[in-house]
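The lines below spell out each chain.
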Amino acid sequence: MKNIIKHIKKLNLFVIAIALFSCSEDFLSPAPTSVLNAATFFETEADLEAALINMYDGIQGVNSTQSNDNHGIQVEFYLTEMRSDNTRTKSSEGEAAQFESYSVQPTNGIVDDYYRSFYNVIFRANTVLAHLDVATPENLSKIEGEAKFVRAYAYFNLVRLYGDIPLVTSVISTGDTDVQFTRVSTSNIYDLIETDLSTAIGGLDNSSKLRASKAAAQSLLAKVYLTQGTNYTEAQQLCEAVMNSGFMLEPNFKNVFYNELNNEIIFAIGYQEDSADSQNFSAEWLNAVGRSSGVNYTTADVRIALDALGGDRTLYSYRVDTDQPTQFQVVKYLPEEDTALGITSTVTDRTKAGNDWIVIRYADVLLLHAEAILAGGNTTTAQAALDSFQLVRDRAGLTTPVTEITRQGLLDERRAELAFENHRLFDLIRFGEAQNVLSAFSTATGGSFNATDLLLPIPQREINLSLGQLSQNQGYN
Amino acid sequence: MKIQFKNIIWLLAFVLIAFTVQSCEDFEQFEPAGANSKADQTPPMASFSYSQGQGDGEVWKDYTFANLSTSATTYMWEFEGGGTSSDVDAEFTFPGEGMYAVSLTAFDALGVVSVFSDVINVVEPEEPEAIVPEILEASFEDNSLAGGSGDGRDSWRNSALGGVIQITSSPVQNGSQAAKFPSAGDRIAYQELSVSPNSDYVLTYYYTLKTNNPGSVTVSVLADGGHADLATALAAKIEDFEGTDQTSSSNYVQENISFNTGANSVISILITNQGEEARVDNFSIAAQ
């Protein structure tokens with residue numbers, strides 16, 4: 001009996017010893033081995049490559065009809081084309097119709113979707129930049145350039161849509177409310193955009209159209225300068241650098257959109273049909289194929305402009321909706337066959353379309369080149385501007401030589417060339433014509449346009465999360 | 001019994017009157033005016049921005065006004081020189097150049113008013129004229145720089161591109177000196193000029209070559225400035241002219257180089273020679 005107690009005492013000592021050893025920190029907080037973890041994920045350049053791809057995944061957005069998902073660039077047309085004189089909803093239904101009538105509410109879900117999508121893209125770019133230490137020296141500047149291009153691109157979209165916005169330049173957490181909810185003046189946002197793009201130009205090459213490239217950064221910086229009305233000569237030099245980089249206009253206008261990654265494309269967001277990497281905006285533009293009954297339908301105003309100025313482009317810009325012949329759809333980015341137009345398609349589910357979204361193409365750069373030479377003036381006869389302008393018109397079959405370019409002529413040409421590619425609203429604002437054109441358009445279509453409608457509201461959700469720290473834009477309550 | 005009932009009625013009436021009188025005092029606080037009225041918690045704040053019309057003809061007189069007022073429901077715009085509007089945003093065509101006062105009065109539904117005024121300087125935008133740059137020591141004369149200094153070639157030095165030119169006093173085309181490029185061809189003249197982008201210019205100069213050996217003198221107009229390497233400098237050529245006229249070693253030949261500055265606000269002139277001694281004199285530049 002005594003022996004047993006002795007043994008038990010020994011056993012106790014043994015258990016206590018084991019217990020003491022087992023309580024080392026490693027045992028209580030082991031590094032997870034079966035899941036990825038932000039603190040330990042970035043070990044090699046391959047991890048950084050995954051983080052780079054992740055940025056484009058953010059711009060691409062999720063193909064879903066869930067309001068809570070980030071749809072990225074797939075919803076951009078609502079905030080740009082449908083807020084211009086180019087497009088509208090087919091049936092004026094739901095919150096999508098707030099854009100065409102200039103009665104956007106701070107609670108509009110699409111306004112929030114785009115805002116959080118592109119701040120998420122910025123977060124993804126900042127994540128890459130926070131882990132540049134694992135990059136190899138030879139690839140460092142390219143990786144940094146790629147992340148900074150994407151960050152600048154996201155900020156350029158956000159600052160033009162929302163005005164003064166929070167400036168987030170590092171990876172932050174939910175606790176960093178000061179950064180998240182402090183609005184920074186547009187000029188400071190543009191400072192970051194310019195330095196990021198300059199870094200990108202220095203680090204990138206022209207090896208990809210679906211990822212950031214030197215030419216994409218040069219084109220974007222030219223547009224950033226023109227948007228601010230500064231550095232016209234630098235903008236012209238940037239355009240000329242792109243013009244000397246081997247891009248050319250696709251001879252047939254239709255093929256710009258139906259021959260993906262053609263010579264004209266400088267930067268596009270790629271989609272894969274019938275896959276998780278597909279897009280649904282193409283279906284939304286059709287008659288009740290997507291979730292809506294049809295959005296981004298053409299206005300009478302844009303059809304008149306295209307009929308008058310489009311040349312060969314008009315045929316491939318809009319078409320009759322055969323289900324509802326009083327309505328007219330956009331032809332660019334169709335997810336289905338159109339035998340009359342010679343457009344083929346292999347997609348089986350139209351809501352999982354594979355049409356890439358073109359962000360920057362060569363025709364845009366040629367017209368920006370002419371705009372840079374115009375340099376804020378009313379007319380130009382400079383041969384370099386005429387040459388670029390003429391190239392775009394020649395492709396459209398409008399071969400009469402142009403001897404002078406006016407501001408209005410350039411704005412009209414951009415509308416005809418780039419209709420439904422999310423340029424029109426920004427062009428009107430950049431040319432200082434937005435208030436004139438949109439108030440007349442709004443009066444004609446029964447909308448309620450005011451000058452304050454040129455900026456979107458800060459999403460109400462953000463203001464609520466900020467507990468009132470984030471102020472609302474003028475004209476919204 | 002009857003009297004008792006009457007008394008109760010009287011009592012009730014009295015109490016009712018007392019309550020009514022009392023309650024009337026409370027009512028007064030809901031009177032719209034007076035010492036007890038509440039201030040407008042969200043008074044209007046008038047504000048606007050404006051932009052000048054851009055385009056052909058008289059469009060510069062057309063101004064658009066963007067209403068940036070807060071907490072207001074109705075508006076009144078007043079433009080000096082006549083004109084009012086009660087629209088939210090306004091447009092106004094001014095009669096011509098001058099200073100004009102514009103005021104925006106913003107009202108809220110409680111009749112509270114805020115006024116914002118600004119004076120607008122309406123100016124017709126001028127067609128920008130091309131800059132005409134000054135070529136320093138254009139005729140290679142001594143003491144021709146500001147303050148009477150210079151040895152006739154100080155403005156043409158660039159040791160990264162080549163040796164400094166020599167000066168000759170005969171033959172000359174203008175003044176008493178000209179630039180001399182010995183036959184070795186290892187000397188250059190270089191000068192940067194500020195110009196307007198995308199503008200046409202004509203550069204005029206005179207040259208003569210000795211006639212013993214075949215030779216040439218080339219004047220190049222280069223894009224941008226800051227050149228420090230001869231090969232890259234020559235690759236940035238906008239326009240050039242290689243002079244090979246060797247009919248006389250003493251008579252100067254005039255040359256005009258027409259060029260467009262393109263996307264440059266600075267250009268450079270570079271002069272080189274080869275094979276034979278060259279003399280160059282009397283540069284001038286004019287905008288077309």
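Throughout this description, residue numbers start from 1 for each chain and increase along the sequence as written. The naming scheme follows written order: chains are lettered A onward, ligands numbered 1 onward. Restriction of local features to residues with pLDDT of at least 70 applies here, the model being predicted, together with a cutoff of 80 or more for giving and counting side-chain atom pairs; totals for whole chains, interfaces and linings are based on all residues. Excluded from the side-chain calculations are hydrogens and water; all other atoms, namely the structure's heavy atoms, are used.

Trainee: Break down the overall build of chain B for me, with residues and values.
Mentor: Put simply, DSSP marks the helices as runs of H or I at least four residues long and the strands as runs of E at least two long, and each gets a number from the N terminus on. The helix and strand tally for chain B stands at 2 helices and 16 strands. Note on contacts: a residue pair is in contact if any heavy atoms of the two residues lie within 4.5 Å. Here the analysis covers contacts within chain B between residues at least 6 apart in sequence; of these, 69% occur between residues at least 24 apart. What sets the accessible areas is the Shrake-Rupley method with a 1.4 Å probe; for residues, cover comes only from the shown protein chains. Within the structure as shown, chain B displays about 16000 Å² of accessible surface, and the carbon and sulfur contribution to it stands at 52%.

Trainee: Report on the interface of chain A and chain B, specifying residues and quantitative values.
Mentor: Often, the extent of an interface is quoted as the loss of accessible area on bringing the components together. Contact with chain A, which involves 21 residues of that partner, is made by 20 residues of chain B. Simply put, the buried area is the total loss of 1.4 Å probe accessible area from both parts when two parts are fitted together. Taking both sides of the interface into account, the surface hidden between chain A and chain B amounts to around 1500 Å²; carbon and sulfur atoms contribute 40%. Counting the surface chain A buries against chain B, the share from its top three residues, Asn378(A), Gln435(A) and Gln474(A), is 30%. Elements that contribute at least two residues to the side of chain A that touches chain B include exactly helix 12 (232-243) and helix 20 (434-445) of chain A.

Trainee: Pulling in residues and values, what's your account of helix 12 of chain A?
Mentor: In this model, helix 12 of chain A (12 residues) spans 16 Å end to end at C-alpha, consistent with the 16 Å of a helix rising 1.5 Å per residue. Structurally, helix 12 of chain A contributes buried residues whose contacts are with helix 10 (186-203), helix 11 (214-228), strand 4 (265-269) and helix 16 (362-374) of chain A. Here the expected length of a helix is defined as 1.5 Å per residue gap, with one fewer gap than residues.

Trainee: Tell me about the nonpolar core, residues and numbers included.
Mentor: Tyr78(A), Leu79(A), Phe149(A), Tyr162(A) and Ile193(A) are the most contacted members of the largest nonpolar core, which totals 136 residues. Among the elements that make up this core, the one with the highest residue count is helix 8 (residues 137-162) of chain A (13 residues). The residues that make up this core include at least three from each of domain 1 (9-64 + 91-204 + 449-477) and domain 2 (281-352) of chain A. Ignoring anything within four residues of it in the chain, the contact list for Ile193(A) reads Ala152(A), Tyr155(A), Phe156(A), Val159(A) and Val224(A). Within the second largest apolar cluster, 27 residues are counted, among which are Trp156(B), Ile257(B), Ile271(B) and Val280(B). Take the buried residues of types Ala, Val, Leu, Ile, Met, Phe, Trp, Tyr and Cys, join any two whose side-chain atoms come within 4.5 Å, and each joined set is a nonpolar core. Exposed residues in this analysis have more than 50% of their type's maximum accessible area, buried residues have under 20%, and partly exposed residues fall in between, with area computed by a 1.4 Å probe over protein chains only. A domain assignment, automatic or from a database, supplies the domain bounds used here.

Trainee: Which residues make up the packing of aromatic side chains, and what are the values?
Mentor: Whether two aromatic rings pair depends on their centres lying within 6.5 Å, for rings of Phe, Tyr and Trp, where Trp uses its six-membered ring; planes under 30 degrees apart make the pair stacked, over 60 edge-to-face, and the rest tilted. Inspection of every chain in the model, using the stated rule, returns 41 aromatic pairs over all chains. On the basis of an interplanar angle of 85° and a centroid distance of 5.2 Å, the ring pair of Tyr102(A) and Phe449(A) is categorised as edge-to-face. Taken as a pair, Tyr102(A) in the loop between helix 6 (97-100) and helix 7 (109-130) and Phe449(A) in the loop between helix 20 and helix 21 (460-465) lie far apart in primary sequence, 347 residues in all. Of the two residues, Tyr102(A) and Phe449(A), neither departs from the other in class, the shared state being buried. Judged by centre distance (6.0 Å) and plane angle (45°), the rings of Tyr50(B) and Tyr63(B) are tilted. Taken together, the residues Tyr50(B) in strand 1 (residues 48-52) and Tyr63(B) in strand 2 (residues 62-67) connect sequence positions 13 residues apart. Through a chain of ring-to-ring contacts, the aromatic side chains of Phe77(A), Tyr78(A), Phe99(A), Phe253(A), Phe257(A), Tyr271(A), Phe281(A), Trp285(A), Tyr333(A) and Trp357(A) assemble into a single cluster.

Trainee: Describe in detail the sheet that holds strand 12 (residues 216-223) of chain B, supporting the description with residues and values.
Mentor: Residue and element names in this part refer to chain B. In space, the 4 strands of this open sheet follow the order 10-15-12-13, with antiparallel pairing throughout. Sheet topology places strand 10 (189-194) and strand 13 (237-243) at the edges, where each strand pairs with a single neighbour. On average, each strand axis in the sheet is inclined to that of its neighbour by 15°, with strand direction left out of account. Sheet topology places strand 10 next to strand 15 (residues 266-274); 6 bridges connect them, and they run antiparallel. Residue pairing across strands places glutamine 191 opposite isoleucine 269, the latter belonging to strand 15. Two strands make a pair as long as DSSP finds a minimum of two bridges between them. Here an axis means a line fitted to C-alpha atoms, over the contact stretch when the element is a helix, while the angle between two N-to-C directions is reported on a 0 to 180 degree scale.

Trainee: I'd like a description of the side chain of Asn86(A), backed by residues and values.
Mentor: Residue and element names in this part refer to chain A. If you trace the backbone, asparagine 86 turns up in the loop between helix 5 (76-79) and strand 1 (87-88). Of note is the side chain of asparagine 86, whose polar atom sits 2.9 Å from the side chain of glutamate 81. Dropping the residues within four chain positions of it, asparagine 86 is found in contact with Glu81, Tyr297, Thr298, Thr299, Val302, Arg415, Ala419, Phe420 and Arg424. Here a polar contact means two N or O atoms within 3.5 Å. Within protein one must be a hydrogen donor candidate and the other an acceptor candidate, and residues neighboring in sequence count only if both atoms are side-chain atoms.

Trainee: I'd love a proper account of the environment of Thr244(B), names of residues and values included.
Mentor: Structurally, the position occupied by Thr244(B) is in the loop between strand 13 and strand 14 (253-260). The residues touching Thr244(B), leaving out its near neighbours within four places in the chain, are Tyr207(B), Leu209(B), Gly215(B) and Ser216(B).

Trainee: So what's going on with the pairing of strand 7 (residues 113-122) of chain B? Which residues, and what values?
Mentor: The side chains of a regular strand alternate, residue by residue, between the two faces of the sheet. All names here are of chain B. As defined by bridge partners, strand 6 (residues 98-107) adjoins strand 7 across 10 bridges and the pair is classed as antiparallel. Bridged to threonine 105 within strand 7 is valine 115. Linking strand 6 to strand 7, which pair antiparallel, is a turn of 5 residues; within it glycine 111 sits at a positive phi near 85°.

Trainee: Outline the confidence of the model for chain B, listing residues and values.
Mentor: Averaged over all residues, the pLDDT of chain B is 89; the fraction at 70 or higher stands at 90%. For chain B, helix 1 (residues 2-27) of chain B is the element with the lowest average pLDDT, namely 63, and strand 10 of chain B is the one with the highest, namely 97. Residue-level confidence of the predictor is summarised by pLDDT, bounded by 0 at the bottom and 100 at the top.

Trainee: A description of the pattern of salt bridges should follow, citing residues and the corresponding values.
Mentor: Pairs can form between side chains of opposite charge whenever their charged atoms are close. All names here are of chain A. What counts as a salt bridge is simple: a side-chain nitrogen of Lys or Arg found within 4 Å of a carboxyl oxygen of Asp or Glu. Summed over the entire model, instances satisfying the criterion amount to 37 salt bridges over all chains. Ionic pairing is found between lysine 148 and glutamate 144, a salt bridge with its closest N-O pair at 3.0 Å. Pair noted here: lysine 148 and glutamate 144 are both in helix 8, with a separation of 4 residues, about one helical turn. Three or more residues joined by partner-sharing salt bridges are found here, namely Glu264, Arg313, Lys332, Arg361, Arg393, Arg395, Glu413, Glu417 and Glu421.

Trainee: Give a detailed account of a negative patch on the surface, specifying residues and quantitative values.
Mentor: There is a patch of like negative charges on the surface, built from Glu97(B), Glu124(B), Glu126(B), Glu127(B) and Glu129(B). With respect to the helices, strands and loops of the structure, Glu124(B) is situated in the loop between strand 7 and strand 8 (166-168). A residue counts toward a patch only above 30% relative accessible area and without a salt bridge, and it is joined to like-charged neighbours within 9 Å or, for Val, Leu, Ile, Met, Phe, Trp and Tyr, to nonpolar neighbours within 5 Å. Within this scheme the basic residues Lys and Arg register as positive and the acidic residues Asp and Glu register as negative, but His and the chain ends are omitted. A charged residue contributes its charge at one atom only: NZ of Lys, CZ of Arg, CG of Asp or CD of Glu.

Trainee: Any details on the pairing of strand 11 (residues 200-209) of chain B? Residues and values, ideally.
Mentor: All names here are of chain B. Of all the 10 residues making up strand 11, 9 are buried; the element is thus mostly covered by neighbouring parts of the structure. Pairing of strand 11 with strand 14 involves 8 bridges; the strand directions are antiparallel. In the sheet register, leucine 203 faces strand 14, and the bridge partner there is isoleucine 257. With 8 bridges joining them, strand 11 and strand 16 (residues 278-287) adopt antiparallel strand pairing. Looking at strand 16, one finds that valine 202 is bridged to alanine 286.

Trainee: Got a sec to walk through the domain arrangement of chain A? Specific residues and values, please.
Mentor: All names here are of chain A. Looking at the assigned domains, one finds that chain A contains domain 1 (9-64 + 91-204 + 449-477) and domain 2 (281-352). Across the boundary between the two partners, domain 1 contributes 4 residues, which contact 4 residues of domain 2. Of the roughly 240 Å² buried at the junction of domain 1 and domain 2 (both faces included), carbon and sulfur atoms supply 25%. Among the residues of domain 1 in contact with domain 2, Asn63, Ser91 and Glu93 are the three that bury the most area, contributing 84% of the side total.

Trainee: Give me the lowdown on helix 16 of chain A, citing residues and values where you can.
Mentor: All names here are of chain A. Taking 1.5 Å of rise per residue, 13 residues should cover 18 Å, and helix 16 covers 19 Å from first to last C-alpha, within 8% of that figure. With respect to burial, helix 16 is a largely interior element, 13 of its 13 residues being buried. Following helix 16 by one or two positions, alanine 375 has its phi on the positive side, about 50°.

Trainee: If you had to explain the sheet that holds strand 5 (residues 90-93) of chain B to someone new, which residues and values would you point to?
Mentor: All names here are of chain B. Taking strand neighbours across the sheet as the criterion, the 3 strands line up as 1-2-5 in an open arrangement whose pairing is antiparallel. The sheet terminates laterally at strand 1 and strand 5, the two strands that pair on one side only. Here the strands of the sheet are splayed against their neighbours by 20° on average, with no regard to which way each runs. Bridging between strand 1 and strand 2 involves 5 bridges; their strand directions are antiparallel. For serine 51, the partnering residue across the bridge sits in strand 2 and is threonine 64.

Trainee: Now, about the packing of helix 15 (residues 300-309) of chain A against helix 18 (residues 407-418) of chain A: what can you tell me, with residues and values included?
Mentor: How two helices pack is summed up by the angle between their axes together with the distance between the axes. All names here are of chain A. Relative to each other, helix 15 and helix 18 sit at 100°, their axes nearing to 10 Å. Judged by the inter-axis angle, helix 15 sits roughly perpendicular to helix 18. Between helix 15, through Asp301, Val302, Ala305, Leu306 and Leu309, and helix 18, the contact on the second element is made entirely by Asp412, Arg415 and Ala416. Polar here means any residue other than Ala, Val, Leu, Ile, Met, Phe, Trp, Tyr, Cys and Pro, which are nonpolar, and Asp, Glu, Lys and Arg, which are charged; Gly is therefore polar. Of the residues that constitute the contact of helix 15 with helix 18, the class distribution is 5 nonpolar, no polar and 3 charged. Should an angle fall under 35 degrees it is taken as roughly parallel, and over 145 as roughly antiparallel, whereas 65 to 115 is taken as roughly perpendicular and any remaining angle as oblique.

Trainee: Describe the packing of helix 16 of chain A against helix 17 (residues 383-395) of chain A, listing the residues and the values that go with them.
Mentor: Residues and elements named next belong to chain A. Packing of helix 16 against helix 17 leaves a shortest axis separation of 8 Å and a crossing angle of 150°. Between helix 16 and helix 17, the angle is such that the two are roughly antiparallel. Along this stretch, helix 16 crosses helix 17, giving a crossing that reads as left-handed. Here Ala363, Leu366, Leu367, His369, Ala370 and Ile373 of helix 16 come into contact with helix 17, specifically with Ala384, Ala385, Ser388, Phe389, Leu391, Val392 and Arg395. Classifying every residue of the contact of helix 16 with helix 17 by side-chain character gives 10 nonpolar, 2 polar and 1 charged. Crossing handedness is defined as follows: a turn of the near helix away from the far one that is anticlockwise and smaller than a right angle gives a left-handed crossing, while the clockwise case is right-handed.

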